[in-house]
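Listed here are the chains, written in short residue letters.
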Amino acid sequence: MSNAIVLIESLTGNTWKAGEKIAANLRQSGWGVSSVCSVRKPDLHALETADLVLLGSWTDGIFVAAQRPGGAGHLWGMPSIAGKKAAAFCTYALNPGNVPAKMSGVLESKGATVLGGLALHRKKLDQHAEEYVSRLLGNLATA
Ligand SMILES: Cc1cc2nc3c(=O)[nH]c(=O)nc-3n(C[C@H](O)[C@H](O)[C@H](O)COP(=O)(O)O)c2cc1C
């Protein structure tokens, strides 16, 4: 069984909810998800043994401009994940800008092979979590 970990940075809980829903969708598809945990204090054993690392955060900015990943300093503080596959996601309210791409940049700099990212609208977490996982599994199949 393939194993994933979900690392989260969240201010008001939406990104946690998104991470839990993504984990549930992955488990339904036969994946093990050993931990959904804060990127500030990752479960290091789960991280070590994960084949796939998912990194989630929220969209910070002035709603339609200047978007950047929330808690960027904490994202950059995550450990190296050299040799692992990884993908980013963010939650947003109005317009995520290019936050998923910026987060993918963090994952690349940590040594991962990045499988693409997606923004999940905070009011459509169920639907978007399902879409995210189905795209992710599609990308994994061709990676
Ligand atoms: C200070 C601040 C700035 C935000 N800026 C944006 C923004 O530029 N664009 C956007 O779509 N959402 C923006 N949001 C909304 C959040 O990204 C959204 O509510 C997100 O789901 C919060 O995730 P969390 O509950 O995990 O903290 C902002 C929220 C806050 C608190």
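Structure's up top.
Quantities reported herein were computed from a predicted structural model and do not represent experimental measurements.

*Asks:* Mind showing me how you'd approach the side chain of Thr-15 here?
*Replies:* Its place among the elements puts Thr-15 in helix α1 (residues 14-28). A polar contact of 2.9 Å, which involves the side chain of Thr-15, links it to the side chain of Thr-91. Not counting chain neighbours up to four residues away, the residues in contact with Thr-15 comprise Ile-8, Glu-9, Ser-10, Gly-56, Ser-57, Trp-58, Phe-89 and Thr-91.

*Asks:* So what exactly am I meant to see when it comes to a nonpolar patch on the surface here?
*Replies:* On the surface, a cluster of nonpolar side chains totalling about 340 Å² of accessible area is made up of Phe-63, Val-64 and Leu-94. Structurally, Val-64 can be placed in the loop between β3 (52-60) and β4 (68-69).

*Asks:* Looking at this structure, how should I read the pattern of salt bridges?
*Replies:* Side-chain pairing between opposite charges can occur once the charged atoms of the two side chains come close. In this structure the tally under the stated criterion is 3 salt bridges. We note a salt bridge from Arg-68 to Asp-60, for which the minimum N-O separation is 3.5 Å. The partly exposed category is assigned to Arg-68, whose relative accessible area is 42%.

*Asks:* Looking at this structure, I do not really get the site of the ligand. What am I missing?
*Replies:* Taken together, 19 residues sit near the ligand, with Ser-10, Leu-11, Thr-12, Thr-15 and Thr-59 positioned nearest. Between the ligand and Thr-59, the relevant distance is 2.6 Å, taken from an oxygen atom to a main-chain nitrogen or oxygen of the residue. For the ligand, the accessible surface in isolation is 650 Å², of which the surrounding protein chains cover 86%. When atoms are counted within 2 Å of each cavity's grid points, the one that captures over half of the ligand is the largest pocket. Those elements that place two or more of their residues in the shell around the ligand are α1, β3 and β5 (85-92). The element contributing the most residues to the shell around the ligand is β3, with 3 residues. When its residues are assigned to classes, the shell around the ligand shows 7 nonpolar, 10 polar and 2 charged.

Rules behind the numbers
Residues numbered from 1 in each chain as written. Predicted model: local features only at pLDDT ≥ 70, side-chain atom pairs only at ≥ 80, totals over all residues. Heavy atoms only, no water. Helix = DSSP H or I, 4+ residues; strand = E, 2+ residues; numbered from the N terminus. Polar contact = N/O pair within 3.5 Å; in protein donor to acceptor, adjacent residues only side chain to side chain. Contact = heavy atoms within 4.5 Å. Patch = residues over 30% accessible without salt bridge, like charges linked within 9 Å, V, L, I, M, F, W, Y side chains within 5 Å. Areas by Shrake-Rupley, 256 points an atom, 1.4 Å probe, with all protein chains shown as cover. Salt bridge = Lys/Arg side-chain N within 4 Å of Asp/Glu carboxyl O. Buried < 20%, exposed > 50% of the residue type's maximum accessible area, 1.4 Å probe, protein only. Near = heavy atom within 4 Å. 1 Å grid on protein atoms, 1.4 Å probe; cavity = no way out; pocket = protein on both sides within 12 Å on 5 of 7 lines; lining within 4 Å. Sits in = over half its atoms within 2 Å of the grid points. Nonpolar A, V, L, I, M, F, W, Y, C, P; charged D, E, K, R; others polar.

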